[in-house]
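# Observations on the model geometry
Below, each chain spelled out in residue letters.
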Amino acid sequence: MKKPGKTSKPTSQASSQKSASAPARPQAEVFSEAMRLFWASQYERAIPLFEQAAQGRDLSIAESANMHIRMCRRRLESAQPDLKTPEQQHLYAVSLINEQRFQDALPWLRKAVAADPRGDYQYSLALALGRTGQIADAAEALKSALEADGGLRNIARNDPDFAPLLGDPAIRQVLEPSEPVS
């Protein structure tokens, strides 16, 4: 413990705390909360906190806050891709499914199926619906997928992503009838 009045080794941290002791603590707390939101991908909520932290006296926190503001804005801009064709929408949704982000994939799959009701698009929609607990809707989408492409029946039975849905009676009922091989 240092004795008051002794300055044997002054540090920049000690002097900055002395000159900015009151604002430095709240600035650090605000920055810490903004970082929690940033890591939770809640960029819109993090930006105002980073902006507040950027106004504080601790320049290292302010600089980091400004950098994180820019990163949040870039991530928000890239968060909603501009997907115009059903194929682009489906491929993007499949990438979300591969990340286990089934709920995020649903709007893109619905757009793709509405524009082009191909069997593989409907199959992906059935998978995402089922994995989000919407089993009745998943069974309907699977039924439509099988009507469009009967070959999807075997794919559904052997797809590891689809495996958790095979235990549901509604899904099993759709998969039960076997199509004659052409």
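Scroll up to find the structure this text is about.
Described below are features of the structure shown in this document.

## Digging into the pattern of salt bridges
- Here the structure, examined in full by the defined rule, presents five salt bridges.
- In this structure, Arg101 and Glu99 form a salt bridge, with 3.0 Å as the shortest nitrogen-oxygen distance.
- Looking at Arg101, the relative accessible area reads 35%, which means it is partly exposed.
- Relative accessible area serves as the criterion here: at 48%, Glu99 is assigned to the partly exposed category.
- With a shortest N-O distance of 2.9 Å, Arg101 and Asp104 are connected by a salt bridge.
- Using a relative accessible area of 37% as the deciding quantity, one classes Asp104 as partly exposed.
- Connected through salt bridges with shared partners, the residues Glu99, Arg101 and Asp104 form a single ionic network.

## Details of the packing of aromatic side chains
- Enumeration over the complete set of coordinates arrives at six aromatic pairs.
- An angle of 80 degrees between the planes, with centres 5.2 Å apart, marks the rings of Phe38 and Trp39 as edge-to-face.
- Given the relative accessible area of 64%, Trp39 is considered exposed.
- Judged by centre distance (6.3 Å) and plane angle (75 degrees), the rings of Phe38 and Phe50 are edge-to-face.

## Here we look at the packing of helix α4 (residues 86-98) against helix α6 (residues 119-131)
- For the pair α4 and α6, the least separation of the axes is 11 Å and the interaxial angle reads 35 degrees. Here α4 runs over α6; the crossing is left-handed. Contact with α4, carried on its side by Pro86, Glu87, His90, Val94 and Ile97, involves Asp120, Tyr121, Ser124, Leu127 and Ala128 of α6 and no other residues of that element.
- In the contact of α4 with α6, the residues fall into six nonpolar, two polar and two charged.

## A closer look at helix α2 (residues 43-54)
- Counted at 1.5 Å a residue, the expected span for α2 with its 12 residues is 16 Å, and the 16 Å between its end C-alpha atoms agrees.
- Every buried residue belonging to α2 is among Tyr43, Ala46, Ile47, Phe50, Ala53 and Ala54, and all of these are buried. Across the axial projection of α2, the buried residues extend over an arc of 130 degrees, all falling on one side. The exposed residues of α2 that point more than 90 degrees off its buried face are Glu44 and Arg45.

Conventions and cut-offs
Residues numbered from 1 in each chain as written. Predicted model: local features only at pLDDT ≥ 70, side-chain atom pairs only at ≥ 80, totals over all residues. Heavy atoms only, no water. Salt bridge = Lys/Arg side-chain N within 4 Å of Asp/Glu carboxyl O. Buried < 20%, exposed > 50% of the residue type's maximum accessible area, 1.4 Å probe, protein only. Phe/Tyr/Trp six-rings, centres within 6.5 Å; stacked < 30°, edge-to-face > 60°. Axes fitted to C-alpha atoms, helices over the stretch in contact; angles between N-to-C directions. Helix = DSSP H or I, 4+ residues; strand = E, 2+ residues; numbered from the N terminus. Left-handed = near helix turned anticlockwise from the far one by under 90°. Contact = heavy atoms within 4.5 Å. Nonpolar A, V, L, I, M, F, W, Y, C, P; charged D, E, K, R; others polar. Expected span 1.5 Å × (residues − 1). Arc of directions from axis to C-beta.

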